[in-house]
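Breakdown of the fold
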Amino acid sequence: MSVIFGVFLLPLAVATNFPYTIPTRWNGGVAANICAIPDVKLCGWEMKLVFSVNVVSITSRDFLLTQPQSNRSVYYVKNQPCNAERSAGQELCIGFNADVPGSSPVEISKLVFTKTSSDGQPCPATESVAYADVLAKSILFYEAQRSGHLPSTNRIPWRADSALSDGSDNNRDLTGGWYDAGDNVKFNFPMAWSTTTLAWGLIQFKAGYQAAGELTNVYDSLRWPLDYLLKCWDSDHNEYWAQVGDGHADHSQWTRPENMTSARPSYKVTIYSPGSDVTGETAAAFAAASIAFRSEDQGYSSRLLRNARSLYDFAYNNRGTYTNSVPAGDFYNSWSGFKDELCWAAAWLYKATGETVYEQRAMELISYNDQVEFSWDNKNVGCQLLMYEANPSDDSLKARVENFVNRYRSSVTKTPTCGLTWHASWGSLRYSANAALIAMVAADVGIEKTLYRQWALSQIDYMLGANEAGRSYVIGYGNHPPQRPHHRASSCSSDLSQPCNWNDFNNPGPNQNVLTGALVGGPDNEGNYADIRSDYVRNEVACDYNAGFQSVLAGMTDLHFLSANIGTFRTIVIGKNFLYLCDQSTYF
Ligand SMILES: *[C@@H]1O[C@H](CO)[C@@H](O)[C@H](O)[C@H]1NC(C)=O
């Protein structure tokens, strides 16, 4: 690959000739947008901005400062990971705000681009993104969330047995499962959705797990919540245990699971106090997992399917909202109602059995409305997609799936520079990851293969580092990852004899243990994010955040190994690394 690195002074066809006068000026500040058309291909750029006055500070979403902020007249800046490339003749616009005292005119006397490639040549890869590596790390995150008696194979050195009496208040063994997020409650509703969604990823992208060498780990990982959820369903007595731990009491303490002292009450739904949402979702998890485990462990797969059938009947015949009897309303209220879970579970049972009764139930409960979110709460688009897969001649269902993905691709709010499609503030990244999973599966089913995969790739790349801040949003991975997630166990000492309390919460330093593989909440709609432990909106982690994300990573890993043969992607290294190039023109 012939690449020329050097310093080029490029003619600026759109911007005025230098000196360039900043167009918007008010007392104390300036705002500028400099556009240039490079006459050679850019593979990343650096600029030297020479101002006619001292600038107190400068901020931009389009570049990164390569030296500390200070009162100076010369600033060196470089491209964001996502706007590194420009073809010859393709306009590059760079906006910024600067803090300048007084109101006299400000001029920039110099703009220098560096890092070019000769025309027509591909740019060298600028960053290595290892999808398979992040996939492996995401599985480790779920391992860190384990409750109960840990096996000797536990890979998280700072975790130990915990909550070994869960269920004892009702004379049951409800040990096991995953702690929900940065807290220590076991909320079955999101836990079950995460399990279903991870099973979906394993069914759809098994080759990706295989290519990454993570097949054994992912099966092991999925058994953990499944074994717990099986304990929760008592088909002899028609009771389903839907939660262990009290959200308010748990959240009032900051402690690691190994040292919890507050009571761990367990709560159930019954035919008298039903919960079709949480039982429907759990039936979906059993049915999906029965497919995923079919080739792996026939006995386990049959047991899962048997329980999926009986639990689905319980959910379908006893309609109700679980938060009427289980105190989860302040945490995981089923805002979308329970029809979506009953539809989604029926669709999974239909996929698992091929029996028309489940097809009929799914189609009786399906929504023909366009959906805006795929999440622990709302699974309507998941049901639409599964039923479209089962009935490819149903154009109306196809349109629902297309409208869902196209809305994310086009009209959903995007963060300013790098185009994260941003749906909601609390845990913004998971909504993009979840939508990316819908896009990836839709592509597999035959809808807009290239476009949908490219869009899904752009969202995952954003999370891994191609973003405004040039940082990774995955703990323990990539450039400048989060170090202070809102997560009790990882914030405290790995020496369990040391206390774990609000002092650890208030400690301004990094968490004492690295919660490897966890995707944090993510930025606001302007791309703003701060690595602060108290910020549970943008800097918490959760089982549901990683579920869609991990499944897309499996798909990406699969595609990149495939692409070695079909040549779709530009650079490929067989092994664990895929080299990627963030280029907005490729994505949007
Ligand atoms: C926390 O729990 C562990 C494991 O049971 C125990 O060894 C340790 O002493 C406890 N630490 C504190 C501070 O109570």
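These numbers were taken from a predicted model, which means no experiment stands behind them. Along each chain, the written sequence defines residue order, and numbers are assigned to residues from 1. Selection of residues for local features in this predicted model requires a pLDDT of at least 70, selection of side-chain atom pairs for listing and counting requires 80 or more, and totals for whole chains, interfaces and linings are taken over all residues. The basis for every side-chain value is the complete set of non-hydrogen atoms in the structure, without hydrogens or water.

Observations regarding the site of the ligand
Applied cut-off: Nearness here has a simple test: a residue counts as near a molecule or strand if at least one of its heavy atoms is within 4 Å of that partner. Nitrogen and oxygen atoms within 3.5 Å of one another constitute a polar contact, given that in protein one can donate a hydrogen and the other can accept it, and given that sequence-neighbouring residues count only through two side-chain atoms. What sets the accessible areas is the Shrake-Rupley method with a 1.4 Å probe; for residues, cover comes only from the shown protein chains. Residue polarity is assigned by list, with Asp, Glu, Lys and Arg as charged and Ala, Val, Leu, Ile, Met, Phe, Trp, Tyr, Cys and Pro as nonpolar; anything else, Gly included, falls into the polar class.
The full set of residues close to the ligand is Glu258, Asn259, Leu496, Ser497 and Gln498. Residue Glu258 places a main-chain N or O atom 3.4 Å away from an oxygen atom belonging to the ligand. In the environment of the ligand, an oxygen atom lies 2.3 Å from a nitrogen or oxygen atom belonging to the side chain of Asn259. Here the ligand loses 48% of its free accessible area of 360 Å² to cover by the protein chains. Taken together, the residues of the shell around the ligand break down into one nonpolar, three polar and one charged.

Remarks on the pairing of strand β17 (residues 239-244)
Both faces of the sheet carry side chains from a regular strand, because those side chains alternate between them. Spelled out, the test is: Relative accessibility decides the category of a residue: with a 1.4 Å probe and only protein chains considered, values under 20% of the type maximum give buried, values over 50% give exposed, and everything between is partly exposed. Put simply, DSSP marks the helices as runs of H or I at least four residues long and the strands as runs of E at least two long, and each gets a number from the N terminus on. For two strands to pair, DSSP has to find at least two bridges joining them.
Of all six residues in β17, six are buried; the element is thus mostly enclosed. Here strand β15 (residues 186-187) runs beside β17; their pairing, made up of two bridges, is antiparallel. Residue Lys186 lies in a different strand from β17, and its bridge partner there is Val244. With two bridges connecting them, strand β16 (residues 233-234) and β17 associate as antiparallel partners. Within β17, the position partnered with Trp233 by the bridge is Tyr240. Hairpin connection from β16 to β17: four residues lie between these consecutive antiparallel strands, with Asn238 at a positive phi of about 50 degrees. Examined bridge by bridge, β17 and strand β18 (residues 266-269) share four bridges and lie antiparallel to one another. Counterpart to Trp241 in the pairing with β18 is Lys268.

Quick look at helix α7 (residues 298-317)
Which entries qualify depends on this criterion: The span expected for a helix works out to 1.5 Å for each residue beyond the first.
The end-to-end C-alpha distance of α7, which contains 20 residues, comes to 29 Å, matching closely the 28 Å that a straight helix rising 1.5 Å per residue would cover. Along α7, the residues classified as buried are Tyr300, Ser301, Leu304, Leu305, Asn307, Ala308, Leu311, Tyr312, Phe314, Ala315 and Tyr316.

Focus on the pattern of salt bridges
As a reminder of what qualifies: Just to be clear on terms, a salt bridge is a Lys or Arg side-chain nitrogen sitting within 4 Å of an Asp or Glu carboxyl oxygen.
Applying the stated criterion across every chain, the model contains 21 salt bridges. A salt bridge links Arg309 to Glu355, with the nearest nitrogen and oxygen atoms 2.7 Å apart. Placement of Arg309 in helix α7 and of Glu355 in the loop between α8 (339-353) and α9 (356-365) is noted, with a sequence separation of 46 residues between them. Judged by relative accessible area, Arg309 falls into the partly exposed class, the value being 27%. Residue classification places Glu355 among the partly exposed residues on the basis of a relative accessible area of 29%.

Topic: the side chain of Asp544
Quick reminder of the rule: Every residue pair with non-hydrogen atoms within 4.5 Å of one another is taken to be in contact.
Among the secondary structure elements, Asp544 is positioned in helix α16 (residues 543-566). With sequence-adjacent residues up to four places away left out, Asp544 is seen in contact with Trp193, Ser194, Tyr332, Trp376 and Arg430.

Description of unusual backbone geometry
Even without a glycine there, the phi angle at Asn171 is positive, about 55 degrees. Position of Asn171 relative to the elements: it lies in the loop between α1 (131-144) and β15. Located in the positive-phi region is Asn238, a residue other than glycine, with phi close to 50 degrees. Among the structural elements, Asn238 can be located in the loop between β16 and β17. Asn238 sits in the partly exposed class, given a relative accessible area of 33%.

Overview of the packing of helix α10 (residues 380-390) against helix α11 (residues 395-411)
Formally: All axes are obtained by fitting lines to C-alpha atoms, using only the stretch in contact for helices, and the reported angles, taken between N-to-C directions, cover 0 to 180 degrees. Should an angle fall under 35 degrees it is taken as roughly parallel, and over 145 as roughly antiparallel, whereas 65 to 115 is taken as roughly perpendicular and any remaining angle as oblique. Left-handed describes a crossing in which the near helix is turned anticlockwise from the far one by less than a right angle; the clockwise case is right-handed.
Interhelical geometry of α10 versus α11 gives an angle of 135 degrees and a closest axis separation of 9 Å. One finds that α10 runs oblique with respect to α11. Two packed elements cross with a definite hand, and for α10 against α11 that hand is left-handed. Between α10 and α11, the contacting residues are Val381, Gln384, Leu385, Met387 and Tyr388 on the first element and Leu397, Lys398, Arg400, Val401 and Phe404 on the second. For the contact of α10 with α11, the class distribution of residues is seven nonpolar, one polar and two charged.

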